[in-house]
Amino acid sequence: MTSINIAVVGIGNCTSSLVQGLSHYRDGANKTVGLMHWDLGGYRPSDIKVVAAWDVDKRKVGKDVAEAIFAKPNCTAIFCESIEPTGAIVRMGKILDGVAEHMSDYNDDRTFILADEKEPTREEVIAALRETKADVLMNYLPVGSQAASEFYAECALEAGVAFVNNIPVFIASNPEWADRFTRAGVPIIGDDIKAQLGATIVHRVLTDLFAKRGVTLERTYQLNTGGNTDFLNMSNHRRLASKKISKTEAVQSVAAERLEDENVHIGPSDYVPWQNDNKVCFLRMEGSMFGGVPMNLELRLSVEDSPNSAGVAIDMIRCAKIAKDRGLAGPIDGASAYFCKHPRLQMTDDRAAQAVEDFIAAA
């Protein structure tokens, strides 16, 4: 098989975990931990190469990706310290709405410091994607970056590069964008990546369990705290609308009966700097069982946020490349439903897992 050339927008904690993971698995360590498959459709993690990257922080722009992933304000766990240079130098990215105004109120080690560089034009990004022969463009912009995400989605469309939308800006699940990718002959997977074992997937599985066991779910909340730039960015609640929709619909879609809006609260709750990339979820579910007897469930989940999604990202990259190899276009529904919170077509996790297996087998 040929290699998979990826371009990345946003060299934050998630990209750091992804790049560390590629190096870690390339050495043959932990061949199955964190990956749905070691070999997926003929592609292994070692086949993935970073060939282009964009960011707006002056501590990252101009550096090789292998170095930039360890620059502040990144604060995720370092589980692979020795990473060979990728040869991909981080380019200045397009700012647009990618940086919230309130981020300037915080310590330099916690926030973004904009590089004093000329922002790229659409034509320059498209040219870079073509020159580097990128197969897949990964969107890791901050939550709420609607205009910036659409800018890079446009570039992927024009360059014929598969698009993986890891954030809760609705592109794959937006009918107009989905149609544009279909007509352009370009595959897309999205929106909003599910972690390997994160708050949303645990909440979904428990909600589905209630439905399957005949327990009536009456009300629920999911409260999350963390100390990375994602949580700092989302402390501005005006950037949270799509995130709350994405997380809430991921749970509502597997409930036996849809809950009234006032009985479900799901979303990031607070920024706690000392937690760094550790995310803590507090989950409560209330309902009634046989005879209408009440019950409740409470759960606390603590995970390192970015590594929790990196294995999923590796699988998404490979599914996107398989789709590209097969000439598929538009949203790849099985992969989107299994790997993302807000796909165009919601499925139960069992059904989505089978859909991905069928997709891989067909390749």
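Residues numbered from 1 in each chain as written. Predicted model: local features only at pLDDT ≥ 70, side-chain atom pairs only at ≥ 80, totals over all residues. Heavy atoms only, no water.

The name given to the protein in an unreviewed UniProt entry is Inositol-3-phosphate synthase, with the source organism recorded as Sphingomonas rustica. Recorded in UniProt under Sequence similarities (unreviewed entry), the annotation for the protein is "Belongs to the myo-inositol 1-phosphate synthase family." (UniProt positions renumbered as here; feature names shortened; annotations may be inferred.)

(A) View of empty space enclosed by the protein. Under the criterion given, the structure shown has two cavities of 30 Å³ or more. Of the pockets and cavities examined, the second largest cavity occupies roughly 30 Å³. As for the second largest cavity, its lining consists of Pro73, Cys75, Asp109, Arg110, Gly227, Asn228, Thr229 and Tyr271. When the residues that make up the lining of the second largest cavity are grouped by side-chain class, the tally is three nonpolar, three polar and two charged. (1 Å grid on protein atoms, 1.4 Å probe; cavity = no way out; pocket = protein on both sides within 12 Å on 5 of 7 lines; lining within 4 Å. Points joined across faces, edges and corners; volume = space filled by probe spheres on them. Nonpolar A, V, L, I, M, F, W, Y, C, P; charged D, E, K, R; others polar.)

(B) Focus on the UniProt feature "domain: Myo-inositol-1-phosphate synthase GAPDH-like" (unreviewed entry) in the protein. In this numbering, the UniProt entry assigns the feature "domain: Myo-inositol-1-phosphate synthase GAPDH-like" (unreviewed entry) to residues 198-306. Between the first and last C-alpha atoms of residues 198-306 the distance is 10 Å; the span itself is 29% helix and 38% strand. (Helix = DSSP H or I, 4+ residues; strand = E, 2+ residues; numbered from the N terminus.)

(C) Quick peek at the pairing of strand 7 (residues 216-226). Taken together, the nine bridges between strand 7 and strand 9 (residues 278-288) define a ladder with antiparallel strand orientation. Within the sheet, the bridge partner assigned to asparagine 224 lies in strand 9 and is cysteine 281. (Pairing = 2+ DSSP bridges.)

(D) Up close: the sheet that holds strand 2 (residues 48-55). The seven strands are arranged 3-2-1-4-5-6-11 in an open sheet whose pairing can be described as parallel. The open sheet terminates on both sides in strands that have one partner only, identified here as strand 3 (90-92) and strand 11 (330-331). Pairing of strand 1 (residues 4-9) with strand 4 (residues 136-139) involves four bridges; the strand directions are parallel. Bridging from a neighbouring strand, valine 9 pairs with asparagine 139 of strand 4.

(E) Expanded view of helix 6 (residues 199-212). Given a rise of 1.5 Å per residue, 14 residues ought to cover 20 Å, and the 20 Å separating the end C-alpha atoms of helix 6 matches this to within 8%. Among the 14 residues of helix 6, 10 are classified as buried, and the element is accordingly described as predominantly covered. Along helix 6, the residues classified as buried are Ala199, Thr200, Ile201, Val202, His203, Arg204, Leu206, Thr207, Asp208 and Phe210. (Expected span 1.5 Å × (residues − 1). Buried < 20%, exposed > 50% of the residue type's maximum accessible area, 1.4 Å probe, protein only.)

(F) How the structure looks around the side chain of histidine 102. Assignment of secondary structure puts histidine 102 in the loop between strand 3 and helix 3 (122-131). Reaching out from histidine 102, the side chain makes a polar contact with the side chain of serine 235 at a distance of 3.2 Å. The contacts of histidine 102, once residues within four sequence positions are left out, are Leu232, Asn233, Ser235 and Asn236. (Polar contact = N/O pair within 3.5 Å; in protein donor to acceptor, adjacent residues only side chain to side chain. Contact = heavy atoms within 4.5 Å.)

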